[in-house]
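# Coordinate inspection notes
Each chain, letter by letter, is given below.
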There are 2 protein chains.
Amino acid sequence: MLMKEKPIGIFDSGIGGLTVLRQVRREVPKEDIVYFGDTAHVPYGTKSKETITKFSVENVKFLQTFEVKAVVVACNTASSLSLDALKAMFSIPIIGVIEPGAKRALETTKNGRVGVIGTKATIHSGSYEACLKQLDPSVKVFSGACPLFVPLVEEGWLDGPVVSKVAHVYLDQLKSFKIDTLILGCTHYPLLAETIQKTIGPRVRLVNSAEETARQTRVMLDRLGLSDRRKDQQVELQKMRRRKDQQSTTFYVSDEPEQFRMLGERFLGQSIQSVAKVGDCFSYV
Amino acid sequence: MLMKEKPIGIFDSGIGGLTVLRQVRREVPKEDIVYFGDTAHVPYGTKSKETITKFSVENVKFLQTFEVKAVVVACNTASSLSLDALKAMFSIPIIGVIEPGAKRALETTKNGRVGVIGTKATIHSGSYEACLKQLDPSVKVFSGACPLFVPLVEEGWLDGPVVSKVAHVYLDQLKSFKIDTLILGCTHYPLLAETIQKTIGPRVRLVNSAEETARQTRVMLDRLGLSDRRKDQQVELQKMRRRKDQQSTTFYVSDEPEQFRMLGERFLGQSIQSVAKVGDCFSYV
């Protein structure tokens, strides 16, 4: 098999990264994808750099067993804390979600005041602020950790009075800083977009990294000659593959698959046929 | 060193088990204790039996490096799903929190209607119900999972409007079943006792496993001739040890120690001098 015919690997601590997968599938529909959710170790956002990097390295090693041609780190926490380590350790191209999110935010802001929300680990790492400032030193960045958003989404509590109250606790101060753009710096947060928008006010534009990450993934594959163009060349193959499009993503998790499948459909906006559990949650290390 | 002079090992997925440690220290103040919080893998309550057992086995193996004479599983989830496996695998005595909690609840109830709240894994395991019914087949048991309670406590949100609203969502139905006793089936929940009591009503008695687990630990050590009686015999040693009483518990975690230390003091109701991180979160496997 040619390198370009090999799958793309995507990983996250759990189901949040499916919001990125969704965009990647739109952007490069011809690619085969292996998605890995490290549900035995979820959440990452409350843990240390050392531990998150350890898990992330294992995830890439697992994806490598499928000979993936590139890896998308579909997790803001792992992208913030471990992307450099992963790039140093592995020779395949690896793309994170921070720089795409920062880039999109700078294209969006009019007043140069950008808010960032994410897990504790992401916010404390300062990754978004550093990236935004590197791209535009004049930008003003205001950050806030929202640690309860992930468990709320994992519970399926996406709106209602509890979520609304929690959102006010986290966002009211951020609102007072007159930001006009807010980066949803966690792949879970797009599911709370409606509540977040209502709380932060209609004048603030919400930015999520998924779209831009997917676009950059396509550009990178093209640039490196790694895009799978088989369908461009063979009409029959194209038809055949289109029929199996639903199956061209394979899902793996490190813990119980059923919960992932059920909640995952909500994240992906599509049904998930099957999810396989990695035999032993450590066997791929 | 004699077997009886060796420490007791206590583990939990994180800081919740400190509510048990607190009672164990009261019950057997002469014992040395090694506490291990598996913070790299917290929470357990949303994960599968296989994964929780894997983690629990590793925790006992880590505690065994201190030659512990007995292990207290200070976690309802691990006790519910992994106690049998641990007992089958290790030769040292191992005590969980389910049976003590069930026993205390049966001593407490007047109308034979007992409620149980806990993590998803604990509630779905049916461990409390099975244990209660075994001790008293006539008891009526009403259970409910409260998955957001752990993240709320971990965030330090112990009262206020958010916690109160969440408690109503989880407890209102349970209240309608006319229970007179409610088992706090998760070592985090005693910190929410005030809110839980307010929500469930003043006539319901709250039961937490910690006290009875500590009592059973003392009884078990006595019965097996494993109690450390050095201080009974040597007054000088007693004085010396009393001075170092604060240090007779050693704390280890598998991730960042500082967060554990800070929040842990709240759980323990005492200051924690130092917490060591296990060098590499997998090195003890």
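Rules used in this analysis
Residues numbered from 1 in each chain as written. Chains lettered and ligands numbered in written order. Predicted model: local features only at pLDDT ≥ 70, side-chain atom pairs only at ≥ 80, totals over all residues. Axes fitted to C-alpha atoms, helices over the stretch in contact; angles between N-to-C directions. Helix = DSSP H or I, 4+ residues; strand = E, 2+ residues; numbered from the N terminus. Parallel < 35°, antiparallel > 145°, perpendicular 65-115°, else oblique. Left-handed = near helix turned anticlockwise from the far one by under 90°. Contact = placed C-beta atoms within 7 Å. Nonpolar A, V, L, I, M, F, W, Y, C, P; charged D, E, K, R; others polar. Pairing = 2+ DSSP bridges. Buried ≥ 20, exposed ≤ 12 C-beta atoms within 10 Å, placed from the backbone.

### Re the packing of helix α1 (residues 18-27) of chain A against helix α10 (residues 209-223) of chain A
All names here are of chain A. The contact between α1 and α10 brings their axes to 8 Å, and the two run at 45°. The angle between the axes of α1 and α10 places the two elements in the oblique class. Considering the relative orientation of α1 and α10, their crossing is right-handed. Here T19, V20, R22, Q23, V24, R26 and E27 of α1 come into contact with α10, specifically with A210, E211, T213, A214, R215, T217 and R218. Grouping the constituent residues of the contact of α1 with α10 by class yields four nonpolar, four polar and six charged.

### A short note on the sheet that holds strand β6 (residues 140-145) of chain A
Residues and elements named next belong to chain A. Strands sit in the order β6-β5-β7-β8 across an open sheet of four strands; the sheet is parallel. Either end of the sheet is taken by a strand with one partner, and the two such strands are β6 and β8 (205-208). Strand-to-strand twist in this sheet, taken as the mean axis angle between neighbours without regard to direction, amounts to 25°. As judged from the five bridges shared by strand β5 (residues 113-118) and strand β7 (residues 181-185), these two strands associate in the parallel manner. What sits directly across from V116, in β7, is I183. Against the sheet, helix α6 (residues 127-135) makes contact with β5, β6 and β7, and its axis sits at roughly 165° relative to β6, the strand it touches most.

### Some points on unusual backbone geometry
In this model, A:V42 is joined to A:P43 through a cis peptide bond whose omega is -5°. Position of A:P43 relative to the elements: it lies in the loop between β2 (33-37) and α2 (49-64). For B:K178, which is not a glycine, the phi torsion comes out positive at approximately 60°. Residue classification places B:K178 among the partly exposed positions, given that 13 C-beta atoms sit within 10 Å.

### A word on the interface of chain B and chain A
Listed by partner, the interface residues are 17 residues for chain B and 17 residues for chain A. Among the elements of the structure, α2 (49-64) and α8 (161-176) of chain B are those that each provide at least two residues to the side of chain B that touches chain A. With four residues, the top contributor of residues to the side of chain B that touches chain A is α8(B). Tallied by class, residues from the side of chain B that touches chain A come to eight nonpolar, three polar and six charged.

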